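# Overview (structure and organization)
The lines below spell out each chain.
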Amino acid sequence: MREQPARENTVPEENAEASPETRARISDSFARQGLMRHLGARLTLIAPGRVHIALPHRPEVGQQHGYIHAGATSAVADSAGGYAALTLFPEDSEVLTVEYKLNLLSPAAGEEIVAVGTVLRPGRTLTVCRLEVFGTQDGREKLIASGQQTLIRVTA
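If you're wondering where the values come from, they're calculated on a predicted model, not measured in any experiment.

It is worth spelling out the nonpolar core at this point. By size, the foremost hydrophobic cluster in this structure holds 34 residues, and its most contacted members are L55, V76 and I113. Breaking this core down by element, the ones donating at least two residues are α1 (20-31), α2 (34-39), β2 (50-56), α3 (70-86), β3 (93-104), β4 (112-121), β5 (126-137) and β6 (140-155). Setting aside chain neighbours within four positions, we find L55 in contact with L39, G40, A41, V61, I68, A72, V76, E112 and I113.

Glancing now at the layout of surface pockets. Considering only enclosed or pocket space, the largest pocket measures out at about 200 Å³ in volume. Taken together, S29, Q33, D78, S79, G82, Y83, L86, E94, V95, L96, T97 and L151 make up the lining of the largest pocket. Of all the secondary-structure elements, those providing two or more residues to the lining of the largest pocket are α3 and β3. The biggest single contributor to the lining of the largest pocket is α3, with 5 residues. Of the residues contributing to the lining of the largest pocket, the split by class is 5 nonpolar, 5 polar and 2 charged.

According to the stated counting rule, one finds 1 aromatic pair in the structure shown. Taken together, a centroid distance of 6.0 Å and an interplanar angle of 65° make the contact between F30 and Y83 edge-to-face. Pair noted here: F30 is in helix α1 and Y83 is in helix α3, with a separation of 53 residues, a long-range link. There is no split in this pair, since F30 and Y83 are both buried.

What follows is about the pattern of salt bridges. The tally for this structure, following the rule as stated, stands at 4 salt bridges. Across the salt bridge formed by E112 and R42, the nearest N and O atoms sit 3.2 Å from each other. Within this pair, whereas E112 is found in strand β4, its partner R42 is found in strand β1 (residues 42-47), the two being separated by 70 residues in sequence. Note that R130 and E132 form a salt bridge whose closest N and O atoms lie 3.7 Å from each other. A relative accessible area of 31% means that R130 is categorised as partly exposed. Relative accessible area serves as the criterion here: at 18%, E132 is assigned to the buried category.

Calculation rules
Residue positions are given per chain, counted from 1 along the sequence in the order it is written. Local features in a predicted model are, by the rule used here, given only for residues with pLDDT of at least 70; side-chain atom pairs are given and counted only at 80 or more, and totals for whole chains, interfaces and linings are based on all residues. Side-chain descriptors were evaluated using all non-hydrogen atoms of the structure, hydrogens and water having been removed beforehand. Here, nonpolar core means buried Ala, Val, Leu, Ile, Met, Phe, Trp, Tyr and Cys residues that are tied together by side-chain atoms lying within 4.5 Å of each other. Residue burial is assigned from relative accessible area. The probe radius is 1.4 Å, only protein chains are included, and a residue is buried under 20% of its type maximum, exposed over 50%, and partly exposed in between. Secondary structure follows DSSP: runs of H or I at least 4 residues long count as helices, runs of E at least 2 residues long count as strands, and numbering of each begins at the N terminus. In this description, contact between two residues means that some pair of their heavy atoms is separated by no more than 4.5 Å. Two kinds of site are reported from a 1 Å grid over the protein atoms alone, namely cavities, where a 1.4 Å probe fits but cannot get out, and pockets, open sets with protein on both sides within 12 Å along at least five of seven lines, and residues are called lining when an atom falls within 4 Å of a point. Grid points are joined across faces, edges and corners, and a volume is the space filled by probe spheres set on the points. Under the scheme applied here, ten amino acids are nonpolar (Ala, Val, Leu, Ile, Met, Phe, Trp, Tyr, Cys and Pro), four are charged (Asp, Glu, Lys and Arg), and all others, including Gly, are polar. For Phe, Tyr and Trp, where Trp contributes only its six-membered ring, two rings pair if their centres lie within 6.5 Å, and the inter-plane angle classes them as stacked under 30 degrees, edge-to-face over 60, or tilted in between. A side-chain nitrogen of Lys or Arg and a carboxyl oxygen of Asp or Glu constitute a salt bridge if their distance falls within 4 Å.

Below, the structure is given as structure tokens:
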């Protein structure tokens with residue numbers, strides 16, 4: 001039987017923890033995002049290749065039917081993916097979104113939504129992330145949006 005070569009560009013285990021330095025770098029960057037602050041979004045998980053961002057339901061982020069607006073949903077999903085990618089790069093790196101597609105599967109109802117960005121394939125230049133957004137109501141989660149994102153790594 002032939003031995004398998006070591007895999008390059010792999011994503012860390014799901015239960016891995018980000019280093020304190022990485023968590024601080026991500027938190028500091030997130031604090032500088034005016035849109036996230038304006039929306040009232042907050043980081044709830046920073047792990048290697050995975051970031052969660054929660055957005056409470058408030059009238060300011062709603063649309064005319066009382067759901068969280070698709071623009072707010074998309075914004076937190078985009079940021080979750082971007083920060084998930086950034087957790088895997090050196091301190092002198094930044095990321096910018098090249099493109100993303102988000103399918104809205106269900107109205108964004110509930111007390112809050114949680115965007116989950118997960119790196120599918122990290123690369124030296126381009127990184128691909130899965131984007132998922134869950135609505136939480138009475139302690140239950142429901143998938144409300146799903147998508148994919150491509151980011152480019154740039155030097156800070």
